[in-house]
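Each chain, letter by letter, is given below.
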Amino acid sequence: MLCYALCCFGSACCSCCCRGLAACSVPAKNYPKAAYVAFDFILMLIATFIMYALRPIAEDHDWIYCNEGSGGGDECFGTSAVLRASFILFLYHLMILLFLIPRGNCSSVVHDGFFLFKFLVVFGAYIASFWMSNDFFDGWGNFCRVGSILYLIVQSYFLMNFAYSWNDKLMSVADASNYAKFLLIGSSILMAILITIWLVLQFIYYASCGLGVTVLSITVVFILFFYVIAFLPFCCDVNIFRPNASIFVVGFSMLYVVFLSWSALASQPDLECNEMLDSGANTALQITIGAIFTFINIWSIATASVD
C-alpha cells in the first residue's frame, strides 16, 4: 500500500509539473531536464535550511548533535551541510551519466523516470553523509573552490544565452503585442535602476577601501561601455556586437556583473575594508541572489538544446 501511495503521489506531482511546463512552452523532450533542475534546487534548499536552522539549535541544545566521526557537536552542520549535499549530487549525476553511456532503452527509462524514487535515494544518501568525516569535505570544498572558476565561465555564457533568448522572444512579438513592448522596455529600465542603486550602495559601503573603490571603478567603466554600445544602433546606426545585443541583454548581463562585484567585496576577509563580513543578513542575501542566478543558469543549460 505504501508503494502504491508513493507511485500515485509521484504520478500526480509529475502530471502537475508537466502541465506547468507545457504552459511555459517548454518542449516535452526537456521535461526530464527541468525535473533535474528542480531536483537539485530542492536538495540544496534543504541543505541551506540545515545550515542556518540546525546549527544554532545544536549549539544551544544537546539533544541534536553530530556523531564523533563527523566531528561531534555541531561540526557536521553549517557550511558542511551544503558541501555534503553538493557531493551527493555530484555522485548522483555521475551515476546517471554512467547509465546514459549505453544509450539504450534502459538508459532512457532511467533518465526520464523514477524521480520520486531517485529523490528518496539521494535524500537517504545525504542523511548518510552526516556520518562521513569533516576532513573529507574540507578537501571537497577546496576542490569545488577551484572548479568554481570554470563554472563561473560557463555560467556567464549561459546567462548571456538566457538573456538573448528572452530578448528574441519578446522582440518577435513586440510588433503585435503592446504587452511585450512594455515588458521589454520596463524590465530594461528597471534593471538599469537596480544597477545604479546597487553600485551607489557599494560605493557607500566600500568608499574607505582602496580595493573596493578600484573594483567598483572598473565595474562602472565596463557598464558604461556596454550601455553605450547598446545605444549605438539607435543613435548612429552602428552595430559593434550582435544585432540583438539590446539594452535588455546589456541590463541583465550588467546586473550579474554588479552582483559579482558585490559578492566579491562582501566576502573580503579584511574587517577594516568589509564591515559586513560577519553580517548574517549579508550572507543570506548573497546566497538568495546567487541561488536565483544559479537557477536561471541551470535552467538555461537544461533548455539550451531547444530548436
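Look up a bit, the structure's there.
Below: a short report on this structure.

Procedures and definitions
- Residues numbered from 1 in each chain as written.
- Predicted model: local features only at pLDDT ≥ 70, side-chain atom pairs only at ≥ 80, totals over all residues.
- Heavy atoms only, no water.
- Helix = DSSP H or I, 4+ residues; strand = E, 2+ residues; numbered from the N terminus.
- Buried < 20%, exposed > 50% of the residue type's maximum accessible area, 1.4 Å probe, protein only.
- Contact = heavy atoms within 4.5 Å.
- Areas by Shrake-Rupley, 256 points an atom, 1.4 Å probe, with all protein chains shown as cover.
- Axes fitted to C-alpha atoms, helices over the stretch in contact; angles between N-to-C directions.
- Parallel < 35°, antiparallel > 145°, perpendicular 65-115°, else oblique.
- Left-handed = near helix turned anticlockwise from the far one by under 90°.
- Phe/Tyr/Trp six-rings, centres within 6.5 Å; stacked < 30°, edge-to-face > 60°.
- Lys NZ or Arg CZ within 6 Å of the ring centre and 35° of its normal.
- Polar contact = N/O pair within 3.5 Å; in protein donor to acceptor, adjacent residues only side chain to side chain.
- Expected span 1.5 Å × (residues − 1).
- Nonpolar A, V, L, I, M, F, W, Y, C, P; charged D, E, K, R; others polar.
- Core = buried A, V, L, I, M, F, W, Y, C linked by side-chain atoms within 4.5 Å.

**Concerning the overall build of the protein chain**
Thought 1: The helix and strand tally for the protein chain stands at ten helices and zero strands.
Thought 2: Counting the 307 residues in the protein chain, one finds 34% classified as buried.
Thought 3: Across the protein chain, contacts joining residues at least 24 apart in sequence account for 71% of those joining residues at least 6 apart.
Thought 4: Per element, the accessible surface of the protein chain, about 18300 Å² overall, is 73% carbon and sulfur.

**Observations concerning the packing of helix 7 (residues 178-205) against helix 8 (residues 210-235)**
Thought 1: In contact at an axis separation of 11 Å, helix 7 and helix 8 are set at 165° when each is read in the N-to-C sense. Relative to helix 8, helix 7 is oriented roughly antiparallel. The handedness of the crossing between helix 7 and helix 8 is left-handed. Residues Ala 192, Ile 195, Leu 199, Gln 202 and Phe 203 of helix 7 touch helix 8, and the partners they reach there are Leu 216, Ser 217, Thr 219, Val 220, Ile 223 and Tyr 227.

**Some thoughts on the packing of aromatic side chains**
Both the distance between ring centres and the angle between the ring planes are used here to describe each pair of aromatic rings.
Thought 1: Per the stated rule, a full pass over the model turns up 21 aromatic pairs.
Thought 2: Taken together, the aromatic side chains of Phe 162, Trp 166, Trp 198, Phe 252, Tyr 256, Phe 259, Trp 262 and Phe 293 make up a single cluster linked through ring pairs.
Thought 3: We note Lys 169 situated over the ring of Trp 166; from NZ or CZ to the ring centre the distance is 5.2 Å.

**Things to note about the side chain of Asn 134**
Thought 1: You can see Asn 134 is positioned in helix 6 (residues 134-174).
Thought 2: Taking the relative accessible area as the measure of exposure, Asn 134 reaches 14% and is therefore buried.
Thought 3: Side-chain polar atoms of Asn 134 contact the side chain of Ser 80, separated by 3.3 Å.

**Considering helix 8**
Thought 1: An ideal rise of 1.5 Å per residue puts 38 Å on 26 residues; helix 8 measures up with 37 Å between its terminal C-alpha atoms.
Thought 2: Every buried residue of helix 8 is listed here: Gly 212, Leu 216, Thr 219, Ile 223, Tyr 227, Ile 229, Ala 230 and Leu 232.
Thought 3: Buried residues in helix 8 make contact with helix 7 and helix 9 (247-266).
Thought 4: In the segment just after helix 8, Asp 237 is the residue with positive phi, at about 55°.

**Quick look at the side chain of Lys 118**
Thought 1: Summarising the element assignment, Lys 118 is placed in helix 5 (residues 115-128).
Thought 2: A residue is classified by how much of its surface remains accessible, and Lys 118, at 7% relative accessible area, is buried.
Thought 3: Other than its neighbours up to four places away in sequence, Lys 118 contacts Tyr 36, Phe 39, Tyr 92, Ile 96, Val 110, His 111 and Gly 113.

**Comments concerning the packing of helix 8 against helix 9**
Thought 1: At their nearest, the axes of helix 8 and helix 9 sit 10 Å apart, and the two run at 175° to each other. Of the possible angle classes, the one that applies to helix 8 and helix 9 is roughly antiparallel. Across from Gly 212, Val 215, Leu 216, Thr 219, Phe 222, Ile 223, Phe 226, Tyr 227, Ala 230, Phe 231 and Phe 234 in helix 8, the residues of helix 9 making contact are Ile 247, Val 250, Gly 251, Met 254, Val 257, Val 258, Ser 261 and Leu 265.
Thought 2: Here the contact of helix 8 with helix 9 is composed, by residue class, of 15 nonpolar, four polar and no charged.

**Regarding the nonpolar core**
Thought 1: If you look at the biggest cluster of nonpolar residues, it comprises 31 residues, and the most contacted ones within it are Ile 195, Ile 223, Phe 252 and Trp 262.
Thought 2: Within the residue set of this core, elements represented by two or more residues are helix 6, helix 7, helix 8, helix 9 and helix 10 (280-302).
Thought 3: Per-element accounting of this core gives the leading share, twelve residues, to helix 9.
Thought 4: Residue contacts for Phe 252: discarding those within four places in its chain leaves Leu 159, Phe 162, Ala 163, Met 191, Phe 293 and Ile 296.
Thought 5: Counting residues in hydrophobic clusters, the runner-up holds 24 residues, among them Tyr 36, Ala 47, Tyr 92 and Phe 130.

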